[in-house]
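Analysis of the macromolecular model
Given next are the chains, with one letter for each unit.
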Amino acid sequence: MNIYRNERIVKDIHRFIVDHLHVSLTVTDVAKQFGYSTEQLNRIVKETTGSSPSLYIRSIKINQAKKWLENSEMTVTEIAHVLGYEYENNFSRMFQNAVGVQPLIYRNSQQKKDID
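What comes next concerns the included structure.

1. Brief notes about helix H4 (residues 53-71)
Given a rise of 1.5 Å per residue, 19 residues ought to cover 27 Å, and the 27 Å separating the end C-alpha atoms of H4 matches this to within 8%. Buried residues of H4: Pro53, Tyr56, Ile57, Ile60, Lys61, Ile62, Gln64, Ala65 and Leu69, and no others.

2. With respect to the side chain of glutamine 64
Along the chain, the position of glutamine 64 falls in helix H4. Residue contacts for glutamine 64: discarding those within four places in its chain leaves Leu21 and Leu83.

3. Quick look at the nonpolar core
Formed by 29 residues in total, the largest nonpolar core has its most connected members in Ile13 and Phe91. Elements with a minimum of two residues in this core: helix H1 (3-19), helix H2 (27-34), helix H3 (38-49), H4, helix H5 (76-82) and helix H6 (88-99). At six residues, the largest contribution of residues to this core is made by H4. Other than its neighbours up to four places away in sequence, isoleucine 13 contacts Val30, Phe34, Leu41, Val45 and Tyr56.

4. Topic: H1
Within an α-helix, residues lying three or four positions from one another point in the same direction, as the helix has 3.6 residues per turn. The end-to-end C-alpha separation of H1 is 24 Å, in line with the 24 Å expected for 17 residues at 1.5 Å each. Turning to H1, its buried residues number three or more, namely Asn6, Ile9, Val10, Ile13, Phe16 and Ile17. Across the axial projection of H1, the buried residues extend over an arc of 115 degrees, all falling on one side. Residues of H1 that are exposed and angled more than 90 degrees away from the buried face: Tyr4, Arg8, Lys11 and Asp19. The secondary structure elements touched by the buried residues of H1 are H2, H3 and H4.

5. Topic: the environment of arginine 58
One can find arginine 58 in helix H4. When its relative accessible area of 29% is taken as the criterion, arginine 58 is described as partly exposed. When the C-alpha atoms of arginine 58 and isoleucine 17 are compared, they prove to be 9.7 Å apart, with 41 residues separating the residues in sequence. Not counting residues within four places of it along the chain, the set of residues in contact with arginine 58 comprises Met94 and Ala98.

Cut-offs applied
- For every chain, the first residue of the written sequence is number 1, and numbering continues from 1 onward in sequence order.
- Residues qualify for local features only when their pLDDT is at least 70, as the model is predicted, and side-chain atom pairs are given and counted only at 80 or more; totals for whole chains, interfaces and linings, by contrast, use all residues.
- To obtain the side-chain values, all non-hydrogen atoms of the structure were included, while hydrogens and water were left out.
- Strands here are runs of E lasting at least two residues and helices are runs of H or I lasting at least four, both read from the DSSP assignment and numbered beginning at the N terminus.
- By definition here, a helix of n residues has an expected span of 1.5 Å times n minus one.
- Remark: exposure states derive from per-residue accessible area (1.4 Å probe, protein chains only) relative to the maximum for the residue type, with buried under 20%, exposed over 50%, and partly exposed in between.
- The contact criterion used is simple: two residues touch if any of their non-hydrogen atoms lie within 4.5 Å.
- Nine residue types can take part in a nonpolar core, namely buried Ala, Val, Leu, Ile, Met, Phe, Trp, Tyr and Cys, and a core is a set of them joined through side-chain atoms within 4.5 Å.
- Working definition: the arc comes from the directions between the helix axis and the C-beta atoms, pointing outward to the latter.

Below, the structure is given as structure tokens:
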């Protein structure tokens, strides 16, 4: 596959993930949606983004969570549920592993930046 085709596929995958943020998507779910095996999807996403599909899905959800933490009054529980996490603590753990701080600490640090 050429790189331009892969980039187009990854753009479509990105759109699909964003449109399904509320669902706990797996790599298998995404692969099936696009008619690929998980191995094919892994190769396409890895070659194009440098990340595995599972990390790519997680990064999209993290980026959306950051936006909501910075710009909305949604609670962490609400954000977790909207992003397809049944339990807030699973979301918070994933967020902390990715960002380095818990969601509320992230929100407070962003609000402090706005004040300064």
